[in-house]
Amino acid sequence: DQQVKQNSPSLSVQEGRISILNCDYTNSMFDYFLWYKKYPAEGPTFLISISSIKDKNEDGRFTVFLNKSAKHLSLHIVPSQPGDSAVYFCAASTGNQFYFGTGTSLTVIP
Amino acid sequence: SQTIHQWPATLVQPVGSPLSLECTVEGTSNPNLYWYRQAAGRGLQLLFYSVGIGQISSEVPQNLSASRPQDRQFILSSKKLLLSDSGFYLCAWSVRGITQYFGPGTRLTVL
């Protein structure tokens, strides 16, 4: 049972524009939501997180939005840069367990 | 600062051979430790997690096992590898389930 879903396997965006990556979840008991960036043959790198009691968290070019009523979160990258090209995973945690989506491959076109 | 190490980085093993992957964490005490596998083109599958020495929770039935002999050491093992065990294995740590940090990964190819 996939509790965290990323329904878009890939996304292409022009350099300088906004990238919006989406994630849906089913478990209302999740405490934290996280986004990771992953390059091939490397471990995921933590980008940004948000507590379930917040609806927005911003860190530089990255902003995560949480809509609890819709059980939806999104990651906004503004402006997008070619170095942002990677696979992005969303994740959610409850207790000691983390649940990951299947990832969205972002390509930023110069 | 905290760091996490995994080795080896790559491994090619024949079917039926044993496996031992090691993960160590520095700069933190009593972390939660995790083993994940990423198959080609797939997401991250949680294999095992541990909240303390000798405490292992298994998420999926398989021919793999995990052990935590020391506070900051986590080992993934198999007595006999299968072709389906090929993948990218990731170790991770967290404190209190808030944020999780990953190691560099081990690419395992079973032939």
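Structure shown above.
In this report, we go over the structure that sits alongside the text. (Residues numbered from 1 in each chain as written. Chains lettered and ligands numbered in written order. Predicted model: local features only at pLDDT ≥ 70, side-chain atom pairs only at ≥ 80, totals over all residues. Heavy atoms only, no water.)

Summing up its helical and strand segments, chain A has zero helices and 11 strands in all. When its helices and strands are written in sequence order, chain A yields β-β-β-β-β-β-β-β-β-β-β. For chain A, the C-alpha radius of gyration of 13 Å lies close to 13 Å, the compact-globule estimate for 110 residues. Expressed as lengths along the three principal axes of its C-alpha atoms, the size of chain A is roughly 40 × 30 × 20 Å. Residues counted as buried form 45% of the 110 residues belonging to chain A. Contacts spanning at least 24 positions in sequence make up 53% of the contacts within chain A whose residues lie at least 6 apart. Surface accessibility of chain A: about 5,300 Å² in total, with carbon and sulfur atoms responsible for 49%. (Helix = DSSP H or I, 4+ residues; strand = E, 2+ residues; numbered from the N terminus. Rg over C-alpha atoms; globule rule 2.2 N^0.38 Å. Buried < 20%, exposed > 50% of the residue type's maximum accessible area, 1.4 Å probe, protein only. Contact = heavy atoms within 4.5 Å. Areas by Shrake-Rupley, 256 points an atom, 1.4 Å probe, with all protein chains shown as cover.)

Further remarks concern the sheet that holds strand β7 (residues 62-67) of chain A. All names here are of chain A. In spatial order, the strands read β1-β3-β8-β7-β6; together these five strands make up an open sheet with antiparallel pairing. Two strands bound the open sheet, and with one partner strand each, they are β1 (4-5) and β6 (56-59). Bridge count for strand β3 (residues 19-25) against strand β8 (residues 72-77) is six bridges, and the pairing is antiparallel. By the bridge assignment for β8, Ile-20 is matched with His-76. (Pairing = 2+ DSSP bridges.)

Here we come to the sheet that holds strand β7 (residues 64-70) of chain B. Residues and elements named next belong to chain B. A sheet is described by the order of its strands in space; here four strands give the open sequence β1-β3-β8-β7, paired in antiparallel fashion. In this open sheet, the two edge strands, each paired with only one partner strand, are β1 (3-7) and β7. In this sheet, adjacent strand axes meet at a mean angle of 20° when their direction is disregarded. Bridge count between strand β3 (residues 19-26) and strand β8 (residues 73-78): six bridges; the pairing is antiparallel. (Axes fitted to C-alpha atoms, helices over the stretch in contact; angles between N-to-C directions.)

Looking now at the nonpolar core. All names here are of chain A. Counting residues in hydrophobic clusters, the biggest one holds 23 residues, and the most contacted among them are Phe-33, Trp-35, Leu-73, Leu-75 and Tyr-88. Elements with a contribution of two residues or more to this core: β3, β4 (32-38), β5 (45-51), β7, β8, β9 (86-94) and β11 (104-109). Beyond its immediate chain neighbours, meaning those up to four positions away, Tyr-88 contacts Gln-6, Leu-21, Trp-35, Tyr-36, Lys-37, Leu-47, Leu-75, Ile-77, Gly-103, Thr-104 and Leu-106. (Core = buried A, V, L, I, M, F, W, Y, C linked by side-chain atoms within 4.5 Å.)

Here we take up the packing of aromatic side chains. According to the stated counting rule, one finds 16 aromatic pairs over all chains in the structure shown. On the basis of an interplanar angle of 65° and a centroid distance of 6.0 Å, the ring pair of Tyr-25 of chain A and Phe-30 of chain A is categorised as edge-to-face. (Phe/Tyr/Trp six-rings, centres within 6.5 Å; stacked < 30°, edge-to-face > 60°.)

Backbone torsion omega between Val-78 of chain A and Pro-79 of chain A reads -10°, so that peptide bond is classified as cis. Here Trp-7 of chain B and Pro-8 of chain B are connected by a cis peptide whose omega angle stands at 0°. One non-glycine residue with positive phi stands out, namely Ala-41 of chain A, at about 60°. Take Ala-41 of chain A: it is sitting in the loop between β4 and β5. In this structure, Asn-30 of chain B is a non-glycine residue whose phi angle is positive, near 50°. Relative to the assigned elements, Asn-30 of chain B resides in the loop between β3 and β4 (32-38).

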